[in-house]
Amino acid sequence: MNKNKISPNLLNKVSVLGAGKTDTIILSCNNFSKMKEFLRVNKYNYVPYRFNNCLMLNADREDLNILSNQEFVDYIYPNDIVNIERLENNIIHSNEFTENRFLGQNQTICFIDTGIYPHLDFVLPKNRIIKFIDLINKEKAPYDDNGHGTFVAGIASGAGIFNKEFMGFSPLSNIISIKALGEKGSSNSNVILDAMQWVYENHKALNISIVCMSFGADVDVNLDPLSSGAEALWKRGITVVAAAGNSGPNKQTIKSPGNNPYIITVGGLDTNSLKVADFSSRGPTIYGHKPDLLAPAVNITSCQNSTPPYTNMSGTSVATPIVAGICANIKSRWNNITNVQIKKFLLSHCTKITGDIDTEGAGYLNFNKLY
């Protein structure tokens, strides 16, 4: 067994795996065609993720021994648990960013999350939920059995029908919701990869310019599948915005895919104290400094999947859609701007707090400087 090609976490699981017992793994490879042919000849059942050169399959100890010694296999990962990055709160906080003529017009934000409730903020005066994909229960009509996805979408795209103070940052943007996290707010990496691959294949047809990922998985290796998946979307020209995670204040706690150096990773700002929120994950990562910037993350109010229509929450989950919504507004103003230019624009409009780049990145996004 080539242990240099196997995740330490997976090795720990394998050590207690009984003979003949299998576990779900994800392979990254340097030759996708050879990898598929090898699996076909050896009668492995697998799910391909061509967009980032990964495959998912079940494997036992002997399988791992064989696979890890193939030259076209780069690395073998566990099918990690992915969780939403939220914290519960009880204090109402109004959205301060509503006076802007660039409100996400002609832009589509894709939310990979727990689904979306057809809240009036999304369907009036017209239905802006243009697509709903359910990878968990295969339902056709939009729903959200957790509430997190509805809340996140409301921060970016809510219209503030019941209360204009709670209008989202890009209230004219169209919405695509991919339910890839279950009722308890968790999932496995392969389901997130399914969602990413769908975006990769459909973003041009549906004009997806921004993807919002308010979830995270623990990082135990360098370029894990979620990170490489997010990078593949970024290199496709999509603006990918991800949560830093809620594992602070310790260093090196950035979650995946927020650990990817290309995408926009959002940490949490406590606007009451104008400090980095204690829970906000810190860098550095194996690739360098993270997060990229901060956005408000404490006591934010947004759409609820039940009554009353609004509730409140904290966490880097709620900071992430703020930035995603602002990215949609920037695209509304300069339609031909690239994701690299958007990231540079955002970072140049931040205000430093202490200057600790591994805690706050470029600082907090200063709304007053943006437009």
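Reading the values: rules and limits
Residues numbered from 1 in each chain as written. Predicted model: local features only at pLDDT ≥ 70, side-chain atom pairs only at ≥ 80, totals over all residues. Heavy atoms only, no water. Axes fitted to C-alpha atoms, helices over the stretch in contact; angles between N-to-C directions. Helix = DSSP H or I, 4+ residues; strand = E, 2+ residues; numbered from the N terminus. Parallel < 35°, antiparallel > 145°, perpendicular 65-115°, else oblique. Left-handed = near helix turned anticlockwise from the far one by under 90°. Contact = heavy atoms within 4.5 Å. Nonpolar A, V, L, I, M, F, W, Y, C, P; charged D, E, K, R; others polar. pLDDT = per-residue confidence, 0-100.

Okay, the packing of helix α8 (residues 316-333) against helix α9 (residues 339-347) next. Orientation of α8 relative to α9, taken along the N-to-C sense of each, is 115°, at an axis distance of 11 Å. On the basis of the axis angle, α8 is roughly perpendicular to α9. Along this stretch, α8 crosses α9, giving a crossing that reads as right-handed. For the pair α8 and α9, the contacting residues are V323, I326, C327, I330 and K331 in the first and I342, F345 and L346 in the second. Split into classes, the residues belonging to the contact of α8 with α9 amount to 7 nonpolar, no polar and 1 charged.

All right, on to the packing of helix α6 (residues 189-202) against helix α7 (residues 225-235) then. Put simply, α6 and α7 touch, their axes get as near as 10 Å, and they point 10° apart. One finds that α6 runs roughly parallel with respect to α7. Residues S189, I192, L193, M196, V199 and Y200 of α6 touch α7, and the partners they reach there are P225, L226, G229, A230, A232 and L233. Class assignment for the residues of the contact of α6 with α7 results in 10 nonpolar, 2 polar and no charged.

Per-residue confidence for the protein gives a mean pLDDT of 92, with 94% of residues at or over 70. Across residues 90-100 the pLDDT falls below 50, and counting only partners more than four positions away or on other chains, this stretch makes 32 contacts in the model.

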